[in-house]
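Examination of the molecular architecture
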Amino acid sequence: MMPTPILVPASATSPGDQEVSLQAEIVADADSTPGPGLVPELLITSLEASLDFWCRLCGFEVLYDRPDEGFAYITRGTAHIMLEQSGSGRNWIPAPLEQPLGRGINFQITVASIQPLLRALEGGSWALFMEPETKWYRTGTTEAGVAQFLVQDPDGYLIRFQASLGRRLAGPGTR
């Protein structure tokens, strides 16, 4: 069932009120698929430097942007991130910003293979925070294997790229 559009004509305002015109229009061909349930918005110092890192080196694409506001919404597969340049647009800053930004958090991004990323970062002379490793993590009665590495973006946000190696049964006594 299609939602009913709500139209409020400007003439419907009360005398003395600011004239307000709100219009909602349903677009029949619009994609109504829900987006990701969580999209981090990273406050950054340079949109240009961040887009170079995220897009050129890490394979993200700009879904849409507002350059005049220092903003870009980027994606790679099902990973979505918003980038917002500090000092442009609206910034919500609960405490003074100090480098590296995002201390205490790392963003895990699943990719098919970490090798193309490693080549791109090496070609761009970008240092890794943690060298590639193979790691198995307990997930109840099984273990999930990943090949992973960590890298910091231009503002110090910690990014963990990982590729699945599959699952295996965990050892005895695992929960």
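Treat the numbers as computed from the prediction; the structure is a model and nothing was measured.

**Things to note about the overall build of the chain**
In terms of helices and strands, the chain carries two helices and ten strands. Within the chain, buried positions represent 31% of all 175 residues. Considering only intrachain contacts with a sequence separation of at least 6, the fraction spanning at least 24 residues in the chain is 51%. Taken as a whole, the chain presents about 11700 Å² of accessible surface, with 53% of it coming from carbon and sulfur.

**Some details on the environment of S88**
Mapped onto the fold, S88 is located in the loop between strand 6 (79-85) and strand 7 (106-110). You can call S88 buried: its relative accessible area is 17%. Sequence spacing of S88 and T45 is 43 residues, and the spatial spacing of their C-alpha atoms is 9.8 Å.

**Focus on the environment of E131**
With respect to the helices and strands, E131 occurs in strand 8 (residues 128-139). Take E131: its relative accessible area is 55%, and that puts it in the exposed class. Here E131 is in contact with Q148 and F149, once residues within four sequence places are set aside.

**Re helix 1 (residues 47-57)**
Along an α-helix, residues three or four positions apart point the same way, because every turn accommodates 3.6 residues. Three or more residues of helix 1 are buried, namely L47, S50, F53, W54, C55 and L57. One or two residues past the end of helix 1 sits G59, with phi positive at roughly 80°.

**Side note on the pattern of salt bridges**
Side chains that differ in charge, positive against negative, can pair when their charged atoms come close. Enumeration over the complete set of coordinates arrives at four salt bridges. Between R103 and E98 there is a salt bridge, with the nearest N and O atoms lying 3.7 Å from each other. R103 sits in the exposed class, given a relative accessible area of 54%. Residue class for E98 comes out partly exposed when judged on its relative accessible area of 48%. Between R168 and E143 there is a salt bridge; the shortest N-O distance is 2.6 Å. Remark: E143 occurs in strand 9 (residues 142-152) and R168 occurs in strand 10 (residues 158-169); sequence separation between them is 25 residues.

**Digging into the confidence of the model for the chain**
When pLDDT is averaged along the chain, the result is 85; 79% of the residues meet or exceed 70. Note that residues 1-21 has pLDDT below 50 and, in this model, 18 contacts with residues that lie over four places away or in other chains.

**Some thoughts on the nonpolar core**
By size, the foremost hydrophobic cluster in this structure holds 30 residues, and its most contacted members are W54, F60, I109 and F161. Listing elements by their share of this core, those giving two or more residues are strand 3 (41-44), helix 1, strand 5 (71-76), strand 6, strand 7, helix 2 (115-123), strand 9 and strand 10. It is helix 1 that provides the largest number of residues to this core, a total of five residues. Excluding anything up to four places from it in sequence, F60 contacts W54, C55, I74, T75, R76, A79, I81, I109 and F161.

**Focus on the sheet that holds strand 10**
The strands making up a sheet are joined through hydrogen bonds of the backbone, oriented either antiparallel or parallel. The mixed open sheet is built from four strands, whose spatial order is 7-10-9-8. Each edge of the open sheet carries a strand with a single partner, namely strand 7 and strand 8. Direction aside, neighbouring strands of the sheet carry axes that sit 30° apart on average. Across the face of the sheet, helix 2 comes into contact with strand 8, strand 9 and strand 10 while running at roughly 15° to strand 9.

**Let's talk about the packing of aromatic side chains**
Scanning all chains against the criterion turns up seven aromatic pairs. Ring centres of Y64 and F71 lie 6.1 Å apart, and the angle between their planes is 35°; on these two criteria the pair is classed as tilted. Grouping aromatic residues by their ring pairs yields a cluster made of F53, W54, F60 and W126. For the cation-ring pair, R66 lies above F71, with the distance from its terminal atom to the ring centre recorded as 4.1 Å.

About the cut-offs
Starting from 1, residues in each chain are numbered consecutively following that chain's sequence as written. This being a predicted model, a pLDDT of at least 70 is required before a residue's local features are given, and a value of 80 or more before pairs of side-chain atoms are given or counted; all residues contribute to the totals for chains, interfaces and linings. Side-chain measures here rest on the full set of heavy atoms in the structure, leaving out hydrogens and waters. Put simply, DSSP H or I for four residues or longer makes a helix, DSSP E for two residues or longer makes a strand, and each gets a number counted from the N terminus. Exposure is judged per residue with a 1.4 Å probe applied to protein chains only, and the accessible area is read against the type maximum: over 50% gives exposed, under 20% gives buried, and values in between give partly exposed. Note on contacts: a residue pair qualifies if any of its non-hydrogen atoms lie within 4.5 Å across the two residues. The Shrake-Rupley method, run with a 1.4 Å probe sphere, supplies the accessible areas, and residue values consider only the shown protein chains as cover. Here, a salt bridge means any side-chain nitrogen of Lys or Arg that lies within 4 Å of a carboxyl oxygen of Asp or Glu. For every residue, the predictor states its confidence as a pLDDT score lying anywhere from 0 to 100. Buried Ala, Val, Leu, Ile, Met, Phe, Trp, Tyr and Cys residues form a nonpolar core when they are joined through side-chain atoms within 4.5 Å. What makes two strands pair is DSSP finding at least two bridges between them. Axes here refer to lines fitted to C-alpha atoms; in helices the fit is confined to the stretch in contact. Angles between the N-to-C directions go from 0 to 180 degrees. The criterion for an aromatic pair is that two Phe, Tyr or Trp rings (for Trp, the six-membered ring) have centres within 6.5 Å, with stacked assigned to planes under 30 degrees apart, edge-to-face to planes over 60 apart and tilted to the rest. A ring is scored as having a charge over it whenever the NZ atom of a lysine or the CZ atom of an arginine sits within 6 Å of its centre and within 35 degrees of its normal.

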